[in-house]
Amino acid sequence: MNPDFMHEAIRLSREKSLLGEGGPFGAVIVRNGKIIARGWNQVLKQNDPTCHAEMVAIRKACRRLKDYNLAGCAIYVNCEPCPMCLAALYWAGIDKIYFAAGRKDAAALGFVDDFLYEELLRQPQDRKIPTEQGMRDDALLVFRQWEKLASKIIY
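Residues numbered from 1 in each chain as written. Predicted model: local features only at pLDDT ≥ 70, side-chain atom pairs only at ≥ 80, totals over all residues. Heavy atoms only, no water.

Trainee: Which residues make up the overall build of the protein, and what are the values?
Mentor: Assigned secondary structure in the protein consists of 7 helices and 4 strands. Starting at the N terminus and ending at the C terminus, the protein contains elements arranged as α-β-β-α-α-β-α-β-α-α-α. Overall, the protein is about 50 × 40 × 30 Å in size when its C-alpha atoms are taken along their principal axes. Burial status across the protein gives 37% buried among its 155 residues. For the protein, the proportion of contacts with a sequence separation of at least 24, taken over those separated by at least 6, is 47%. (Helix = DSSP H or I, 4+ residues; strand = E, 2+ residues; numbered from the N terminus. Buried < 20%, exposed > 50% of the residue type's maximum accessible area, 1.4 Å probe, protein only. Contact = heavy atoms within 4.5 Å.)

Take a look at the structure:
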């Protein structure tokens with residue numbers, strides 16, 4: 001872990017949250033020893049619950065690299081990523097995640113990160129938000145059509 005990159009993530013979390021843009025979360029994405037993207041929580045500023053620090057940083061890094069794949073990159077975040085951000089980091093192909101505070105620390109402040117980790121382990125019918133499956137055959141027809149495309153890209 002490079003402490004300079006973690007200090008920058010922590011600095012962003014402090015500076016931007018004190019400005020009222022969102023929660024106290026900051027992130028930097030690093031490639032070849034250089035910061036290529038910075039992100040901070042902008043949930044309140046953007047009125048968008050997906051504008052977590054990691055999501056903002058991923059979007060910026062992908063635009064900068066003109067690629068949806070961030071292989072060769074690491075992310076430094078001041079707090080363990082929530083399930084949404086963790087999944088996005090996997091989708092993005094990030095090589096390594098460094099974090100400072102843990103999800104239990106965020107839960108102690110009232111954030112739902114830890115609850116979401118627990119909720120994802122439940123079967124869909126046992127989750128807090130009612131979930132129902134239907135029209136699977138119709139959806140699978142589209143999957144089969146897409147699977148036959150010569151131009152498809154698996155990501």
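Next comes the rest of the description.
Trainee: Which residues make up the nonpolar core, and what values go with them?
Mentor: Grouped burial of nonpolar side chains is what soluble globular proteins tend to show. If you look at the biggest cluster of nonpolar residues, it comprises 23 residues, and the most contacted ones within it are Ile 29, Ile 58, Leu 70, Ile 75 and Ile 94. Contributions of two or more residues to this core are made by strand S1 (26-31), strand S2 (34-40), helix H3 (53-65), strand S3 (73-79) and helix H4 (83-92). Among the elements that line this core, the one with the most residues is H3, at 6 residues. Not counting residues up to four positions away in its chain, the partners in contact with Ile 29 are Lys 34, Ile 35, Ile 36, Ala 37, Ala 57, Ile 58, Ala 61, Leu 70, Cys 73, Ala 74, Ile 75 and Ile 94. (Core = buried A, V, L, I, M, F, W, Y, C linked by side-chain atoms within 4.5 Å.)

Trainee: Please provide a residue-by-residue account of the environment of Arg 64, values included.
Mentor: As for its placement among the helices and strands, Arg 64 is situated in helix H3. A relative accessible area of 53% means that Arg 64 is categorised as exposed. A polar contact of 3.2 Å, which involves the side chain of Arg 64, links it to the backbone oxygen of Ile 36. (Polar contact = N/O pair within 3.5 Å; in protein donor to acceptor, adjacent residues only side chain to side chain.)

Trainee: Please provide a residue-by-residue account of the pattern of salt bridges, values included.
Mentor: Enumeration according to the criterion identifies 9 salt bridges in this entry. The shortest N-O distance in the salt bridge between Glu 8 and Arg 11 comes to 2.8 Å. In this pair, Glu 8 and Arg 11 both sit in helix H1 (residues 3-18), 3 residues apart, roughly one turn of the helix. A relative accessible area of 12% places Glu 8 in the buried class. With a relative accessible area of 31%, Arg 11 lands in the partly exposed category. Among the salt bridges present, the one from Lys 104 reaches Asp 114, with a minimum N-O distance of 2.9 Å. Of this pair, Lys 104 sits in helix H5 (residues 103-108) while Asp 114 sits in helix H6 (residues 113-120), placing them 10 residues apart in sequence. Residue class for Asp 114 comes out buried when judged on its relative accessible area of 10%. (Salt bridge = Lys/Arg side-chain N within 4 Å of Asp/Glu carboxyl O.)

Trainee: Go over the pairing of strand S4 (residues 96-101) with me, naming the residues and quoting the values.
Mentor: Two elements, S3 and S4, share 5 bridges in a ladder whose sense is parallel. Bridge pairing in S4 places Tyr 76 opposite Tyr 98. (Pairing = 2+ DSSP bridges.)

Trainee: I'd like a description of the packing of aromatic side chains, backed by residues and values.
Mentor: Scanning the model with the defined rule gives 5 aromatic pairs in all. For the pair Tyr 68 and Tyr 155, a centre-to-centre distance of 6.2 Å together with 70 degrees between the ring planes defines the contact as edge-to-face. Of this pair, Tyr 68 sits in the loop between H3 and S3 while Tyr 155 sits in the segment after helix H7 (136-147), and the two are 87 residues apart along the sequence. The exposure class of Tyr 68 is partly exposed, given its relative accessible area of 46%. Take Tyr 155: its relative accessible area is 65%, and that puts it in the exposed class. (Phe/Tyr/Trp six-rings, centres within 6.5 Å; stacked < 30°, edge-to-face > 60°.)

So yeah, pure geometry; function would need other evidence.
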